[in-house]
Amino acid sequence: MTYFSALGNPLSGSGLPPSGAPGSTAWRALLALAVILVLLATTGWTAVRKHHTDAGPRAAALLAWEKGSFAGRPLPDPDASAGRISRYFARLDAAQRRTLAERYPLVVGNLAGAPVKLRYRANHTALKQARAVETRRMTDERLTDEGRQDAGRRMHRFTSMLDDGRQILAFDPTGRGRAAEVFGDLEHAQRVSVVVPGVDTELLTFEKSAREYSAPAGMARALQNQQRAEAPGVRTATIAWADYTAPVGLGVDAASGELAQDGAVRLNRLVRTLPVASDEASPKVSLLCHSYGSVVCGLAADRLPQSVTDIAVAGSPGMRADSASELGTGAHVWAMRDRDDWIADVPHMDVGGLGHGADPVADGFGARRLSAAGAVGHTGYFVPHTRSLHNLAAVGTGSYGDVTCAPSDPECSFVPEPR
């Protein structure tokens, strides 16, 4: 979803000419101004503010960790490098690792450098604890009816995330919450795809029963299945990465880059700390970025490690750059948009810090444009049996010769040099 999802397409029925009409540049400037006025009238200038992490269970867990010790020694700084964290856990035996995961699940479960399977175990424990909290809140008479209903929804979400076989790489129930889930064998993958979702991403929308493939977990599951089907000889893993604070609905937050900037820092840390099998090279990483997630990927681009070979955006409002070259990355840049995605009507401008810049599927941006045939609307890019999902899987597996170009870019099938 994007920052106009709450209103559908706010520009439809406006009486203004389509983007291809004479004078469209001027009209788009007027549209940009109109959009800004709508945002400010709806949310007010006060929506431009700093976002502080709410005190909650993870903050309490970090405080306990920082004051704690284990086997007579202080615990490592949770912000230490992944290498230092890895060396710390390497000195512990299996029983000691399990003890730490059970004692500090909200720390170990989110600790870059900790063994991946131990993080899964810790987050399983953290989810059970969070579910117990929400179960109690469901009958807490001090809460409003709405509060008890919200507790019920969270309890059911956590129950689903506790299903056998699920690999939760990150989990934080604080506020709207954050999470990341792995599909496939992350420890031994040759190629890792990271799905970066957009606006309204939180724990309650991490997965959905209806419109499954519009939610991060459904997107990543579909992509991993497609990658395995199309490139069975490539060891792949896919991460549904909802481990950043995304904007909520229509507002200045969604039209600005503040939350995306924080997300970019967290995304860079993720890709720099992916596990590497002791006898193998680092996995190659592809970022598959949807909607506002493409803003996050655009802001992260100039700090990405060499392991990130590809950035593909779908339904993008912009990447905070005027061209692919301005992203400052050596990764291959791909873009797609289906013909009925209303984001095409959103002015791709940056006015007073609002808006996200040039359109990634525009002729002059410089991205290779992929076909999105079969996708319907703004959230249909990861639906099985679509050309859009096929192309995202081809990018994720490095199967560049298998991509299908958009009609507007017949040269996108040119095979990039491998990185």
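This is a predicted model, so every value here is computed, not measured.

Caption draft 1: Looking closely at the pairing of strand β9 (residues 332-336). Of all five residues that make up β9, five are buried, and the element is covered over most of its length. Burial along β9 is two-sided: His332, Trp334 and Met336 and Val333 and Ala335, pointing in opposite directions, are all buried. Note that strand β8 (residues 308-314) and β9 share five bridges and pair parallel. Each residue of the ladder has a partner; that of Ala312, found in β9, is Trp334.

Caption draft 2: Region of the structure containing the confidence of the model for the protein. A residue-level look at the protein finds 83% of positions with pLDDT of 70 or above and a mean pLDDT of 87. A low-confidence stretch, residues 1-27 stays under pLDDT 50, and its non-local contacts, those more than four residues away or across chains, total 45 contacts. Contacts for the low-pLDDT stretch residues 39-53, under 50 throughout, to residues beyond four places or in other chains number 21 contacts.

Caption draft 3: Representation of the pattern of salt bridges. Scanning the entire structure with this criterion turns up 19 salt bridges. Notably, a salt bridge pairs Arg142 with Asp140, separated by 2.9 Å at the nearest N-O pair. When its relative accessible area of 74% is taken as the criterion, Arg142 is described as exposed. A salt bridge links Asp363 to Arg369; the shortest N-O distance between them is 2.7 Å. A residue is classified by how much of its surface remains accessible, and Asp363, at 66% relative accessible area, is exposed. Members of the salt-bridge network, linked through shared partners, are Arg157, Arg166, Glu181 and Glu207.

So, how was this worked out
Residues numbered from 1 in each chain as written. Predicted model: local features only at pLDDT ≥ 70, side-chain atom pairs only at ≥ 80, totals over all residues. Heavy atoms only, no water. Buried < 20%, exposed > 50% of the residue type's maximum accessible area, 1.4 Å probe, protein only. Helix = DSSP H or I, 4+ residues; strand = E, 2+ residues; numbered from the N terminus. Pairing = 2+ DSSP bridges. pLDDT = per-residue confidence, 0-100. Contact = heavy atoms within 4.5 Å. Salt bridge = Lys/Arg side-chain N within 4 Å of Asp/Glu carboxyl O.

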